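Chain by chain, the residues run as shown.
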Amino acid sequence: MHFFEYQDHQLHCEGVPVEAIAEKVGTPFYLYSYHTLVRHFTVFDKAFDGIPHLVCYSAKANSNLALLRLFVNLGGGVDIVSGGELYRALQAGADPQKIVFSGVGKRPDEIEYGLRAGILMFNVESSQELQALDEVAGRIGKKASISIRVNPDIDPKTHPYISTGLKQNKFGIDILRAPMAYRMATQLPNLKIVGIDCHIGSQLIEVEPVIEALRKLKRLVEDLRKEGIEIRYLDLGGGLGITYEDEEPPHPTDYAASILEEIKGFGCTLILEPGRVIVGNAGILVSKVLYMKENEEKQFVIVDAGMNDLVRPSYYGSYHQILPVKEEAREEIVADVVGPICESSDFLAKGRRMPKVKPGELIAVMSAGAYGFSMSTNYNSRPRVAEVMVRDDQMYVIRRREGYEDLIRGEEIPEFLL
Ligand code: LLP
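Predicted model only: the values in this text are computed from it and were never measured. Numbering of residues begins from 1 in every chain and follows the order in which that chain's sequence is written. Only residues with pLDDT of at least 70 are given local features in this predicted model, and only at 80 or more are side-chain atom pairs given and counted; all residues enter the totals for whole chains, interfaces and linings. The basis for every side-chain value is the complete set of heavy atoms in the structure, and neither hydrogens nor water enter the calculation.

(A) Here's a closer look at the overall build of the protein chain. Secondary structure elements follow DSSP: runs of H or I no shorter than four residues count as helices, runs of E no shorter than two count as strands, and numbering proceeds from the N terminus. A count of helices and strands for the protein chain gives 12 helices and 21 strands. Only C-alpha atoms enter the radius of gyration; for comparison, a globular chain is expected to reach 2.2 Å times N to the power 0.38, where N is the number of residues. For 418 residues, the compact-globule estimate of 2.2 N^0.38 gives 22 Å, and the protein chain sits close to it at 23 Å. Overall, the protein chain is about 70 × 65 × 45 Å in size when its C-alpha atoms are taken along their principal axes. Contact between two residues is taken to exist if any of their heavy atoms lie within 4.5 Å; hydrogens are not considered. By sequence separation, contacts in the protein chain at least 24 residues apart represent 70% of the contacts at least 6 residues apart. To be clear on the numbers: accessible area is Shrake-Rupley with a 1.4 Å probe, and residue cover counts the displayed protein chains and nothing else. For the protein chain, the exposed area adds up to about 18,900 Å²; of that, 49% sits on carbon and sulfur atoms. Here Asp and Glu are counted as negative and Lys and Arg as positive; His is not counted, and neither are the chain ends. To locate a charge, take NZ of a lysine, CZ of an arginine, CG of an aspartate or CD of a glutamate. Within the protein chain, one finds 47 positive and 59 negative side-chain charges whose respective centroids are separated by 4 Å.

(B) Quick look at the nonpolar core. Counting 105 residues, the largest nonpolar core has F48, F122, I146, L234 and I259 as its most contacted members. At 8 residues, helix α8 (residues 208-226) tops the list of elements feeding residues into this core. For L234, the residues in contact, after removing those within four places along its chain, are I196, L214, L217, I263, F266, C268, T269, L270 and I271. By nonpolar core we mean a set of buried residues, namely Ala, Val, Leu, Ile, Met, Phe, Trp, Tyr and Cys, connected to one another through side-chain atoms within 4.5 Å. Residue exposure (1.4 Å probe, protein chains only): buried if accessible area is under 20% of the type maximum, exposed if over 50%, otherwise partly exposed.

(C) Focus on the packing of helix α5 (residues 108-117) against helix α6 (residues 127-139). Under this scheme, a helix contributes an axis fitted over its contacting stretch, all axes are lines through C-alpha atoms, and angles between N-to-C directions fall in the 0 to 180 degree range. Running from N to C, α5 and α6 point in directions that differ by 55°, and their axes come no closer than 10 Å. Taken together, the axis directions place α5 and α6 in an arrangement best described as oblique. Relative to α6, the crossing made by α5 is right-handed. Together, P108, I111, E112 and L115 of α5 and A132, L133, V136, A137 and R139 of α6 make up the contact between the two elements. Here the contact of α5 with α6 is composed, by residue class, of 7 nonpolar, no polar and 2 charged. Roughly parallel covers angles under 35 degrees, roughly antiparallel covers those over 145, roughly perpendicular covers 65 to 115, and oblique covers all other angles. Should the near helix be turned anticlockwise from the far one by less than a right angle, the crossing is left-handed, and should it be turned clockwise, the crossing is right-handed. Three categories are distinguished: nonpolar for Ala, Val, Leu, Ile, Met, Phe, Trp, Tyr, Cys and Pro, charged for Asp, Glu, Lys and Arg, and polar for the others, with Gly belonging to the last.

(D) Inspection of the site of the ligand at higher detail. We call a residue near a molecule or strand as soon as one heavy atom of that residue lies within 4 Å of the molecule or strand. As a matter of local geometry, the ligand sits amid 18 residues, with S202, E273, R312, Y316 and Y371 nearest to it. G275 is positioned with one of its backbone polar atoms (N or O) 2.9 Å from an oxygen atom of the ligand. Any N or O atom pair separated by 3.5 Å or less is treated as a polar contact, with the protein-specific requirement of one donor-capable and one acceptor-capable atom, and with residues adjacent in sequence counted only for side-chain atom pairs. In this structure, R276 approaches the ligand through a main-chain N or O atom, which is 2.8 Å from an oxygen atom. In the complex, the protein chains occlude 91% of the 590 Å² of accessible area that the ligand would expose alone. For cavity detection a 1 Å grid was placed over the protein atoms alone, and a set of points counts as a cavity when a 1.4 Å probe fits there but cannot get out; an open set counts as a pocket when protein lies on both sides within 12 Å along at least five of seven lines, with lining residues being those that have an atom within 4 Å of a point. More than half of a molecule's atoms lying within 2 Å of a cavity's or pocket's grid points is what places that molecule inside it. Using a 2 Å cut-off from the grid points, one finds that the ligand occupies the largest pocket. The residue inventory of the shell around the ligand, partitioned by class, reads 5 nonpolar, 7 polar and 6 charged. Residue ranges for the domains trace back to a domain assignment, done automatically or taken from a database. Looking at which domains feed residues into the shell around the ligand, each of domain 1 (4-31 + 281-407) and domain 2 (34-279) gives three or more.

(E) Inspection of the domain arrangement of the protein chain at higher detail. What the domain assignment reports for the protein chain is domain 1 (4-31 + 281-407) and domain 2 (34-279). Each of domain 1 and domain 2 was reduced to a C-alpha centroid, and the two centroids are 32 Å apart. Contacts between the two partners involve 23 residues from domain 1 and, on the opposite side, 24 residues from domain 2. By buried area we mean the combined loss of accessible area, with a 1.4 Å probe, across both parts when two parts are placed together. Both faces combined, the contact of domain 1 with domain 2 buries some 2,100 Å², and carbon together with sulfur accounts for 55% of it.

(F) Focus on the side chain of E125. Structurally, E125 can be placed in the loop between β8 (121-124) and α6. A distance of 3.1 Å separates a polar atom in the side chain of E125 from the backbone nitrogen of G103. A polar contact of 2.9 Å, which involves the side chain of E125, links it to the side chain of R149. Here E125 is in contact with S102, G103, V104, K106, R149, F171, G172 and I173, once residues within four sequence places are set aside.

(G) Region of interest: helix α2 (residues 34-47). Taking 1.5 Å of rise per residue, the 14 residues of α2 would be expected to cover 20 Å, and the 20 Å separating its terminal C-alpha atoms lies within 8% of that figure. Listed in full, the buried residues belonging to α2 are T36, L37, V38, H40, F41, F44, D45 and A47. In this analysis, the expected span of each helix is defined as 1.5 Å times one less than the number of residues it contains.

(H) Just the layout of surface pockets, in detail. Of the volumes computed, that of the largest pocket is approximately 670 Å³. Here the residues of the lining of the largest pocket sort into 10 nonpolar, 10 polar and 10 charged. If you count residues domain by domain, the lining of the largest pocket takes at least three from each of domain 1 (4-31 + 281-407) and domain 2 (34-279). Grid points are joined across faces, edges and corners, and a volume is the space filled by probe spheres set on the points.

(I) Molecular detail of the environment of I322. Mapped onto the secondary structure, I322 falls in strand β16 (residues 322-324). Taking relative accessible area as the criterion, I322 reaches 6% and is therefore assigned buried. Sequence separation between I322 and V365 is 43 residues; the distance between their C-alpha atoms is 4.7 Å. In this structure I322 touches V337, L348, A349, R352, M354, I363, A364 and V365, once residues within four positions along its chain are discounted.

(J) Region of the structure containing a nonpolar patch on the surface. In this analysis, a patch consists of residues with relative accessible area above 30% that form no salt bridge, clustered at 9 Å for like charges and at 5 Å for the nonpolar side chains Val, Leu, Ile, Met, Phe, Trp and Tyr. A pairing counts as a salt bridge when a side-chain nitrogen of Lys or Arg comes within 4 Å of a carboxyl oxygen of Asp or Glu. Side chains of I413, F416, L417 and L418 sit close together on the surface and give an oily, nonpolar patch of about 540 Å² of accessible area. In this structure, F416 sits in the segment after α12 (404-407). Looking at F416, the relative accessible area reads 69%, which means it is exposed.

(K) Molecular detail of the pairing of strand β5 (residues 53-58). Extensive coverage of β5 is indicated by the burial of 6 of its 6 residues. Here β5 shows no split at all, with H53, V55 and Y57 on one side and L54, C56 and S58 on the other all buried. Think of it this way: DSSP has to see at least two bridges between two strands before they count as a pair. In this structure, β5 lies alongside strand β13 (residues 269-272), joined through 3 bridges in parallel fashion. Paired with L54 across the strands is I271, a residue of β13. If you view a crossover with the strands going away from you and the path from the first strand over the helix to the second runs clockwise, you call it right-handed. Handedness of the crossover joining β5 and strand β6 (residues 77-80) through helix α3 (residues 65-73): right-handed.

(L) Representation of α6 within the structure. Taking 1.5 Å as the rise per residue, α6 with 13 residues should run 18 Å; its terminal C-alpha atoms sit 19 Å apart, in good agreement. Of all the positions in α6, only E129, L130, L133, D134, V136 and A137 are classed as buried.

Put into structure tokens, the structure is as follows:
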């Protein structure tokens, strides 16, 4: 459930008409509903109430400081994958003891940053990374708390670009080699083993692959216990899907119930790293129709948001519902909704049956809260768009629109060219 609805034939975010926001901040912009964010986080978190657990929101889905702060206020931790995300999490006031650091390519400086901040654990993805962690920790006189990210070789049945737990993927340590990695970690003086981790993929529509992964992890933890290696945290990653079109992912409560049934009494604190399910349907991208054109074959709706603002349709062929901000009886058309970028892959929708819109009017690209702004770029020298949060009948700009000067920040023309 979310709070984007027509009231008096005008799309609203909570109590504010989308059009009124467009008048204030211009287009395009991302728009988030505070109450939807709170509701999604709370429902997810409460669903795991039966056992000790920690919800580490996956910052990559949407790393705006205001959103991070909101989840921190609700008791959440943060799942990070870079020094930059660590910086954001700390700026947002996250408790370092609720931060987990994932990712296959952590640099020594990022490891050092995490160690000095005192994060809960590093989810380690290779034996060389174990060595790097031990080295950096030794150099600065710290102990690195680690978990091993295990690749359980399970097909999550999702888009190949966002499936991560198969042998062919670069993520984690093969489950058969994981015991060796743990043994190696026991030999490295500056490491402290605290957990086990996996993340099999994103936009998961079925819970079975997650349960299958959990069973494999449990078996491994039991084997490790026999060797005297204690595992305190079991991190199941993120991945729960949402409805973009007609997908029917499990409700967080059912997802949690299946997991709880499997893990209750196992003696580990459960960590979860949800991203999309918390923020995906809590945000939309608002854009203005610039032009319409047609040829013998096709109709095009040309809008002022492009693939640099929302790359998901171009990159994964993702479906995002597109609604006119003004609700009225209209003819239907079948059109490609395209942006201003100089690439044929610059589209928000292809061959879409949709209400006929007019130049100058606003459209809402729905379910854009996750991997929307966070994947946006300056391609074609387009300033990144504004982000707005609405709470009840108030709007707050939580990231101002970039200006042209932001585009060249840090660039320099060497003297010999002057
Ligand atoms: N934990 C780890 C280690 C991850 O790699 C990810 C996502 C998550 C948690 C959060 O997954 P979520 O709950 O959001 O599914 N850009 C793609 C999605 C990439 C997901 C990458 N990893 C998209 O737009 O669909």
